[in-house]
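# Architecture at a glance
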Amino acid sequence: MKLRRQPEDFEVIERSTLPVKRSGDFAVYELQKTGWTTLDAIDRIAREIGIPRKNIEHAGLKDRHAVTTQRITIRNGPRQSYEDGAIILDYLGQSTRPISAEDISENTFRIVLRSLSDRERNAAEIAIPEIQQSGVPNYFDEQRFGSWFPEHGFIAEAWIRGRYEDAFRLAFAEPEPTDNPEEREQKAILRDNWGDWILCKQLLSRSHRRSIVTYLCDHPTDFKGAWATVNGDLRGLYLSALQSDLWNRIVSASFAREISPEHLVTLNLKTGPLVCPKLFTKEQSEHYQKMRVPLPSGRLQLSDFPDPELVESTLQELGWKLHELKVKFPRDRFFSRAFRPVMIPVQNFRGEFAADELSTGLSRLTLRFSLARGSYATMVIKRLFLNAEKIDLEEHDDEGA
């Protein structure tokens, strides 16, 4: 099965509740883009129309390899539309405040899955009514876990355990399969010349990495201080990745404890296997649709969780205690404090099979559905094929949904 064979195979529209008026300091636009990440598109817009980057706000992050629509706001932005190739800004009106993530009501998807074998088609045909009835687990998907390394774990783990040199090495020198040639070269410079910071600075291109190395030129062994110079938003993403994986593991352990094995299927993520219910009884569906589990954090008590004993044992198996999940330095970022629904309904979920015009003899499946803010469309796709014995989820491009 192939996902994202072409950009128009993955379409997402971000629905917003931000009020649009005739007056206000913030211009509101509908941003349509193809082949750009949200952040890269915003950077280009800021340069092209001469607006400070800090004046532009977005609600969600939308993928590069898709056709996406979302709203953005620009403080004192031009009251007119703008087009630059694959980036289109449609001016809608004004707002008295900038847009934020809380303004997202849902995301609506149209996704075409191609090159389905008969086995994959049969698995999807079984799963569609199961998803319609029970929804899918609200797991964080793999694109959340870019800061995890098979031999080393999460960058955030090294950070909050005080191994600042390891954290710096993983973040800026450890190679990843998705690195482009320039990134591979820059990481190799650090690995090959580790400790000779003056030489590293001479060889590295101008970048955030080089700025941190500049600090080490003056403080050669102060990795704790160097870590404090790492971009705060980037460090925040590292914390979110670790916290998200721990949340996944807690929810998976809950399913494994409460649901019979014959009603479970296994989802293999790169950070480890998770279990997914195939179909709930009415009582189980009502129970899990209401259940909300907090993101694990040292600011919480075990009693804040629906099953404190399960949380304690799950974290212990992973080498953690709840109170250890806190940042000691620098204190400008911290683990989020929020409750996340365990299951999500997949609204208006439907699928249509047809012959794949791009792959002779194989099928395509066109999916249409809506998800609440913060949920992953790729998790719906993975759940769709878990009834098959073996599924090759092949994406035409490297970046996840």
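See the structure shown above.
This one's a predicted model, so the numbers in the text were calculated from it and none came from an experiment.

### Considerations on helix H2 (residues 118-134)
Relative to the 24 Å expected for 17 residues at 1.5 Å per residue, H2 spans 25 Å between its end C-alpha atoms, a close match to the ideal helical length. At Ala127, H2 is bent by approximately 30 degrees, the largest bend along its length, and proline Pro129 sits one to four residues beyond. Considered for burial, the residues of H2 that qualify are Glu120, Ala123, Ala124, Ala127, Ile128, Glu130, Ile131 and Ser134. Residue Gly135 follows H2 closely and has a positive phi angle near 80 degrees.

### So, the pairing of strand E5 (residues 67-75)
As paired strands, strand E2 (residues 10-16) and E5 are joined by 3 bridges and run parallel to one another. The partner of Ile13 across the bridge, within E5, is Thr69. The pairing of strand E3 (residues 26-34) with E5 spans 9 bridges and is antiparallel. Opposite Gln32, over in E5, you have Thr69 as the bridge partner. Bridge analysis of strand E4 (residues 56-58) against E5 gives 3 bridges, and the strand direction is antiparallel. The residue of E5 that forms the bridge with Ile56 is Ile74.

### Digging into the environment of Val230
Looking at where Val230 falls in the secondary structure, it is placed in the loop between helix H8 (223-228) and helix H9 (232-258). The exposure class assigned to Val230 is buried, which follows from its relative accessible area of 2%. Measuring from C-alpha to C-alpha, the distance between Val230 and Ala377 comes to 31 Å, with 147 residues separating the pair along the chain. Apart from residues no more than four positions distant in its own chain, Val230 is found in contact with Phe172, His208, Ile212 and Arg235.

### Details of unusual backbone geometry
In the segment running from Phe329 into Pro330, the intervening peptide bond is cis, with an omega of -15 degrees. Backbone geometry at Ser115 places phi at a positive 60 degrees, although glycine is not the residue there. Inspection of the secondary structure assignment puts Ser115 in strand E8 (residues 104-116). You can call Ser115 buried: its relative accessible area is 10%. Unlike most non-glycine residues, Asn348 shows phi in positive territory, near 55 degrees. Mapped onto the fold, Asn348 is located in strand E17 (residues 347-355).

### Considerations on the packing of H2 against helix H12 (residues 377-384)
Where H2 meets H12, the axes come as close as 8 Å, and the angle between the chain directions of the two elements is 125 degrees. Looking at the two axes, H2 sits oblique to H12. Note on element contacts: H12 touches H2 through Val380, Arg383 and Leu384, opposite Ala123, Ala124, Ala127, Ile128, Glu130 and Ile131. The residue inventory of the contact of H2 with H12, partitioned by class, reads 7 nonpolar, no polar and 2 charged.

Rules of the game
- Residues numbered from 1 in each chain as written.
- Predicted model: local features only at pLDDT ≥ 70, side-chain atom pairs only at ≥ 80, totals over all residues.
- Heavy atoms only, no water.
- Helix = DSSP H or I, 4+ residues; strand = E, 2+ residues; numbered from the N terminus.
- Expected span 1.5 Å × (residues − 1).
- Bend = angle between axes of the 7 residues up to and from the residue.
- Buried < 20%, exposed > 50% of the residue type's maximum accessible area, 1.4 Å probe, protein only.
- Pairing = 2+ DSSP bridges.
- Contact = heavy atoms within 4.5 Å.
- Axes fitted to C-alpha atoms, helices over the stretch in contact; angles between N-to-C directions.
- Parallel < 35°, antiparallel > 145°, perpendicular 65-115°, else oblique.
- Nonpolar A, V, L, I, M, F, W, Y, C, P; charged D, E, K, R; others polar.

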